[in-house]
Amino acid sequence: MYYDRFFPFYVAYANPALYDGERIQEQEFALMKSYYPEAAGRIQEKVEEECQLLDYEGSRLYDEYPDKFMLHQLCRQIRMQVEGETAAQGVPDSLMDDLIQVLLCQEISRRRCRRRRNYGLYR
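Residues numbered from 1 in each chain as written. Predicted model: local features only at pLDDT ≥ 70, side-chain atom pairs only at ≥ 80, totals over all residues. Heavy atoms only, no water.

Asks: Can you help me understand the overall build of the chain in this one?
Replies: In terms of regular secondary structure, the chain is built from four helices and zero strands. For the chain, the N- to C-terminal ordering of α and β elements is α-α-α-α. Split into buried and exposed, the 123 residues of the chain put 25% on the buried side. Sequence-distant contacts in the chain: of pairs separated by 6 or more residues, those separated by 24 or more amount to 74%. Here the chain displays about 9,300 Å² of accessible surface, and carbon together with sulfur accounts for 57% of that area. (Helix = DSSP H or I, 4+ residues; strand = E, 2+ residues; numbered from the N terminus. Buried < 20%, exposed > 50% of the residue type's maximum accessible area, 1.4 Å probe, protein only. Contact = heavy atoms within 4.5 Å. Areas by Shrake-Rupley, 256 points an atom, 1.4 Å probe, with all protein chains shown as cover.)

Asks: Could you clarify how one ought to interpret the environment of isoleucine 100 in this entry?
Replies: Assignment of secondary structure puts isoleucine 100 in helix α4 (residues 93-119). Isoleucine 100 sits 26 residues away from leucine 74 along the chain, and the two C-alpha atoms are 9.4 Å apart. Sequence-distant contacts of isoleucine 100, that is, excluding residues within four places in its chain, are made with Ile43, Cys75, Ile78, Arg79 and Val82.

Here it is, written out as C-alpha cells:
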C-alpha cells in the first residue's frame with residue numbers, strides 16, 4: 001500500500017482520545033470528593049489508604065464475590081483509626097459504621113471497575 005503523504009507509524013495504533021474517559025471520570029470523582037463534609041473526607045482518606053495497601057495482584061478486593069467478613073474487618077480497622085478524630089464531632093456510632101461501610105464499598109467498586117477497564121482487555 002502506497003501513501004502520497006507521510007503516514008506516521010503511531011497513527012495506526014491506539015487513539016489517545018480513547019483514554020480521556022478515565023481521566024475525566026477521575027477528575028469528576030475528585031471534584032465530588034471535595035464537596036464531602038470534613039468528617040467524611042477524613043474517613044475517605046483512611047479508606048483509600050487501606051484499599052491502597054490491599055491493591056495488588058491476587059488481592060481479596062478483586063475476588064469475583066468479595067467476602068462480607070473481609071469487608072466487615074476492613075470497616076472495623078478503619079473505624080479504630082478514625083475513632084479519636086470523629087468522637088469530638090458527636091457522630092452517632094451506627095451512622096459512623098454505615099458511612100465507613102458505604103465509602104469502603106464505593107472505593108472498592110471504583111478500583112474494581114478501573115482494574116477491569118485497564119487489565120481486563122489484556123488477559
